[in-house]
Amino acid sequence: MPEAEYRIEDLAHHSGTTVRTIRAYQDRGLLPKPERRGRANVYRDTHLARLRQISGLLDRGYTLASIKELLDAWDTGRGLGGVLGLVAEIDGPWSDEEPVRITRAELDGRFGGTQDDEAVADAVDLGILLPLPSSPGEFLVPSLRELAVAAELHAAGVPLPAISGHLRELRTQVEHIASRFLDFTTEHVFQQFLDHPPTDEAAAEAASLVRRLRPLAQQTVDAELARAMRALATRHLHQHLDAWAPDTGHRAAGPDAAGKRQPTGEQPPALEQVTLPAATVRAVQALVGAENVAAFIAAAAEREVQARVMDGLLPRP
């Protein structure tokens with residue numbers, strides 16, 4: 001079957017671009033020159049395929065300069081199948097979340113029903129909300145989880161500007177972590193594919209590695225964040241318990257941890273941190289509210305200490 005031939009107008013129609021764009025690509029060296037036949041230029045399926053490759057790379061965020069370097073590197077007869085597969089794997093979603101649409105009314109409802117145009121503009125600037133030009137009053141939400149976190153923080157009393165500022169600071173730190181993970185995996189895993197333009201087979205192998213390693217960064221960060229939050233939150237709680245505990249300036253006479261009595265006026269030993277059972281904290285929270293947990297535990301502990309002191313002063317039968 002003979003290869004299809006196109007005039008430049010037909011090529012523009014089939015590729016979804018314009019005559020002006022095709023000529024600009026030719027001037028930049030992105031598109032092979034057409035065959036000159038008399039006074040007409042003849043384009044073929046190879047030109048159409050190249051235009052579709054360029055369009056796909058532009059959609060993924062590549063510049064024309066980087067596309068030219070990529071195409072030049074692989075214009076050796078090996079094709080771009082494997083490389084484009086690797087590009088698609090890296091540029092694909094790195095989360096299992098699906099974007100959702102939300103109306104302005106629904107958005108306001110999630111944040112207490114109050115309209116805050118400045119906060120919405122801030123969310124758009126951060127990419128938390130993506131306006132839909134074809135549907136005014138609606139937004140695309142790339143991460144509903146992130147929006148839900150912001151709504152919960154706001155419901156707990158955190159002002160919206162503080163949430164935005166926190167996210168900006170957090171992004172800087174997370175991007176540093178992502179950069180370190182990328183450097184680490186590049187050095188130990190992907191360097192073999194970067195020393196020279198990979199074949200289709202090597203590119204496919206690299207894409208498979210990306211699929212396998214993609215969740216590891218998030219899993220590592222999740223585990224380390226949970227560990228750090230537990231350690232720091234526990235330390236933070238004990239610091240407040242120590243600050244809220246009554247300060248008598250001396251230790252009353254009574255048994256120490258080893259069961260021995262200490263004389264009045266002797267300085268107590270250094271305080272130790274004690275991890276409270278989660279069930280105990282939840283029970284106290286249900287009883288007095290989250291804001292009074294530390295004060296209640298401190299008061300209860302002080303009352304128990306005083307009761308033991310009184311027991312020690314009573315004459316034994």
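Here we summarise the structure given alongside this text. Since the structure is predicted, the reported quantities are computational estimates derived from the model, not experimental observations.

Analysis parameters
Residues numbered from 1 in each chain as written. Predicted model: local features only at pLDDT ≥ 70, side-chain atom pairs only at ≥ 80, totals over all residues. Heavy atoms only, no water. Helix = DSSP H or I, 4+ residues; strand = E, 2+ residues; numbered from the N terminus. Buried < 20%, exposed > 50% of the residue type's maximum accessible area, 1.4 Å probe, protein only. Contact = heavy atoms within 4.5 Å. Areas by Shrake-Rupley, 256 points an atom, 1.4 Å probe, with all protein chains shown as cover. Pairing = 2+ DSSP bridges. Axes fitted to C-alpha atoms, helices over the stretch in contact; angles between N-to-C directions. Arc of directions from axis to C-beta. Polar contact = N/O pair within 3.5 Å; in protein donor to acceptor, adjacent residues only side chain to side chain. Parallel < 35°, antiparallel > 145°, perpendicular 65-115°, else oblique. Left-handed = near helix turned anticlockwise from the far one by under 90°. Nonpolar A, V, L, I, M, F, W, Y, C, P; charged D, E, K, R; others polar. Salt bridge = Lys/Arg side-chain N within 4 Å of Asp/Glu carboxyl O. Patch = residues over 30% accessible without salt bridge, like charges linked within 9 Å, V, L, I, M, F, W, Y side chains within 5 Å.

## Some points on the overall build of the chain
For the chain, the helix and strand inventory stands at twelve helices and eight strands. When burial is assessed residue by residue, the chain has 24% of its 317 residues classed as buried. When contacts within the chain are restricted to residue pairs at least 6 apart in sequence, long-range pairs at least 24 apart make up 56% of them. Carbon and sulfur atoms make up 57% of the accessible area of the chain, which amounts to about 21900 Å² in all.

## A short note on the sheet that holds strand S1 (residues 5–6)
An order of S1-S3-S2 is seen for the three strands of this open sheet, with the pairing classed as antiparallel. A single partner strand is all that each edge strand has here, and the edge strands are S1 and strand S2 (35–37). Of the pairings in the sheet, the one linking S1 to strand S3 (residues 40–44) comprises two bridges and is antiparallel in character. Counterpart to tyrosine 6 in the pairing with S3 is tyrosine 43. Taken strand by strand, helix H3 (residues 45–59) contacts S1 and S3, and its axis lies near 65° from that of S3.

## Digging into helix H7 (residues 117–126)
The complete set of buried residues in H7 reads Val120, Ala123 and Leu126. Looking straight down H7, one finds its buried side chains confined to an arc of 120°; they lie on one side. In H7, the exposed positions that point more than 90 degrees away from the buried face belong to Asp117, Glu118 and Asp125. For H7, the capping residue at the N-terminal end is aspartate 116, with a side-chain oxygen 3.3 Å from the backbone nitrogen of glutamate 118. Remark: glycine 127 follows H7 within two positions and exhibits a positive phi of approximately 85°.

## Quick word on the packing of helix H1 (residues 8–15) against H3
In the contact formed by H1 and H3, the axes pass within 10 Å of each other and the chain directions differ by 40°. As summarised for this structure, H1 and H3 are arranged oblique, according to the angle between their axes. Relative to H3, the crossing made by H1 is right-handed. Taking contact as the criterion, the partners of Leu11, His14 and Ser15 in H1 are, on H3, His47, Leu48, Leu51 and Arg52. Class assignment of the residues belonging to the contact of H1 with H3 gives a composition of three nonpolar, three polar and one charged.

## Quick word on the sheet that holds strand S6 (residues 138–141)
Overall, antiparallel pairing links the three strands, which are arranged S4-S6-S5 in an open sheet. In this open sheet, the two strands that pair with only one neighbour each are strand S4 (100–103) and strand S5 (130–131). Where S4 meets S6, four bridges bridge the pair, whose relative direction is antiparallel. Paired with isoleucine 102 across the two strands is phenylalanine 139, which belongs to S6.

## What to know about the pattern of salt bridges
One pass over the structure, following the stated rule, counts 13 salt bridges. Ionic pairing is found between arginine 168 and aspartate 122, a salt bridge with its closest N-O pair at 2.8 Å. A residue pair is termed long-range when its members are at least 10 positions apart, and arginine 168 in helix H9 (residues 160–194) and aspartate 122 in helix H7 qualify at 46 residues. Relative accessible area serves as the criterion here: at 21%, aspartate 122 is assigned to the partly exposed category. Among the ionic contacts, a cluster of salt bridges with common partners joins Glu5, Glu35, Arg37 and Arg44.

## Quick word on the pairing of S6
Of the strand pairs in this sheet, S5 and S6 are connected by two bridges, and their pairing is antiparallel. Counted as the bridge partner of leucine 130 is leucine 140 from S6. Between S5 and S6, which pair antiparallel and follow one another directly, the connecting turn spans six residues, one of which, glycine 137, has a positive phi of 90°.

## Topic: the pairing of S3
The sheet contact formed by S2 and S3 spans three bridges and is antiparallel. Bridging across to S3, glutamate 35 finds its partner in valine 42.

## Some words on the environment of threonine 17
Structurally, the position occupied by threonine 17 is in the loop between H1 and helix H2 (19–28). For the pair threonine 17 and serine 55, spaced 38 residues apart in sequence, the C-alpha to C-alpha distance is 8.8 Å. In this structure, threonine 17 is in contact with Ala12, Ile22 and Leu51, ignoring residues within four places of it in sequence.

## As for a nonpolar patch on the surface
A cluster of nonpolar residues, Ile177, Val221, Leu225 and Met229, forms a patch on the protein surface that exposes about 360 Å² of accessible area. Broken down by element, the nonpolar patch gets its largest block of residues, three residues, from helix H10 (residues 200–244). Looking at the element boundaries, methionine 229 is found in helix H10.

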